[in-house]
Amino acid sequence: MTRDVPEFSVDDLADFRFELDEFTNDDAVNLGLAAVEVITEWELNLAVDVIRGDDLVFRAKIGPNTGPDNDPWLAGKAAVARKHGIPSLLVRRQFEAAGTPYPEETDNGVVLRAHGGAIPILVDGTVVGTITTSGEPDVVDHAACAEAVRRFSDED
C-alpha cells in the first residue's frame, strides 16, 4: 500500500498527550500489539518498542527492512520523548521553528535523536514509558505510533 507522507506542524502536535490512569506490563504488550496491527495494515517496515519505566516490555520488527540498525534510533527517539515529556516529532518541530538544531548529546550512552516516532506515556503527568517506531520517514513513524495510541485508547 502506498501511503501519503503526512505533514505535522507544531500546532498539529502541541495538544497531543497520551495520559493514562495506570500503565502496566499488560498495557505495554497491548499497546505494542496495536502498533503491530497498524504496521501490518499500513504495510510498513517498522520496528516498534514499548518501554515501561526502564524496562523494554515489547519489541517487534516487521518487514524486510527492519533489523539491528533500528535499535539506536528506537532508543534515541525514546530518550528524547522521555527527556522532554512530549512526542519526539514535536521536539523536532519546535527546534526547527526556533531555527536551531537539536543539541547533539547522549543520555546513559544513548544518542538523543529528535526525529518523529516516539510518544511518551504519562500517568499523573509523569512520563512512565514510551512507544517508539523506526524504519520509515519520521512523520510516518509518528503517524503509526499515534494511530496505535488511538486504537489502544479506544479499547478502554
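Reference entry: report on the structure contained in this document. (Residues numbered from 1 in each chain as written. Predicted model: local features only at pLDDT ≥ 70, side-chain atom pairs only at ≥ 80, totals over all residues. Heavy atoms only, no water.)

Some remarks on the nonpolar core
Under the convention used in this document: Take the buried residues of types Ala, Val, Leu, Ile, Met, Phe, Trp, Tyr and Cys, join any two whose side-chain atoms come within 4.5 Å, and each joined set is a nonpolar core. For every residue, the accessible area (1.4 Å probe, protein chains only) is compared with the maximum for its type, and the residue is labelled buried under 20%, exposed over 50%, or partly exposed between those bounds. Secondary structure counts use DSSP, requiring at least four H or I residues in a row for a helix and at least two E residues in a row for a strand, with both numbered from the N terminus.
Counting residues in each nonpolar core, the largest one holds 34 residues, and the members touching the most others are Phe 18, Phe 23, Leu 31 and Ile 131. Those elements that provide at least two residues to this core are helix H2 (25-41), strand S2 (46-52), strand S3 (55-62), helix H4 (88-98), strand S6 (118-123) and helix H5 (138-155). Ranked by residues supplied to this core, first place goes to H5 with nine residues. The next biggest cluster of nonpolar side chains, apart from the first, holds six residues, and it includes Ala 79, Val 80, Val 91 and Tyr 102.

Describing the packing of aromatic side chains
As a reminder, the rule being used: Each pair of aromatic rings taken from Phe, Tyr and Trp, with Trp reduced to its six-membered ring, is defined by centres within 6.5 Å and is described as stacked if the planes are under 30 degrees apart, edge-to-face if over 60, and tilted in the remaining cases.
Enumeration over the complete set of coordinates arrives at two aromatic pairs. With a centroid separation of 6.1 Å and an interplanar angle of 85 degrees, the aromatic rings of Phe 18 and Phe 152 are classed as edge-to-face. Taken as a pair, Phe 18 in the loop between helix H1 (10-14) and strand S1 (19-20) and Phe 152 in helix H5 lie far apart in primary sequence, 134 residues in all. In this structure, Phe 18 and Phe 152 share a single accessibility class: buried.

Observations regarding the sheet that holds S2
This is how the line gets drawn: One requirement defines pairing of two strands: DSSP has to find at least two bridges between them. Whether two residues are in contact is decided by their heavy atoms: any pair within 4.5 Å suffices. What counts as an axis is a line fitted to C-alpha atoms, over the stretch in contact for a helix, and the angles between N-to-C directions run from 0 to 180 degrees.
Reading across the sheet, the five strands line up as S1-S6-S7-S2-S3 and stay open at both edges, with mixed pairing between neighbours. The open sheet is flanked by S1 and S3, the only strands paired with a single partner. Bridging between S2 and strand S7 (residues 126-134) involves six bridges; their strand directions are antiparallel. Counted as the bridge partner of Asp 49 is Thr 132 from S7. Packed on one face of the sheet, H5 meets S1, S2, S6 and S7 and runs near 125 degrees to S7.

Digging into helix H3 (residues 70-84)
What counts is decided by this rule: Given a helix with a known number of residues, its expected span is that number minus one, times 1.5 Å.
In this model H3 runs 21 Å from its N-terminal to its C-terminal C-alpha over 15 residues, within 8% of the 21 Å that 1.5 Å per residue would give. Every buried residue of H3 is accounted for by Asn 70, Leu 74, Gly 76, Lys 77, Ala 78, Ala 79, Val 80 and Ala 81.

Focus on the pattern of salt bridges
Heads up, the rule is: When a carboxyl oxygen of Asp or Glu lies within 4 Å of a side-chain nitrogen of Lys or Arg, that pair is called a salt bridge.
The full count for this structure, using the stated rule, is 14 salt bridges. As a salt-bridge pair, Lys 61 and Asp 71 come within 2.6 Å of each other at their nearest N and O atoms. Note that Lys 61 is positioned in strand S3 and Asp 71 in helix H3, a separation of 10 residues in sequence. Using a relative accessible area of 32% as the deciding quantity, one classes Lys 61 as partly exposed. On the basis of relative accessibility, which here comes to 24%, the residue Asp 71 falls in the partly exposed class. Arg 150 is paired through a salt bridge with Asp 154; the nearest N and O atoms lie 2.6 Å apart.

Focus: the environment of Val 48
Topologically, Val 48 is positioned in strand S2. Those residues in contact with Val 48 that lie beyond four places of it in its chain are Ala 35, Val 36, Ile 39, Phe 58, Arg 59, Ala 60, Leu 74, Ile 131, Thr 132 and Thr 133.

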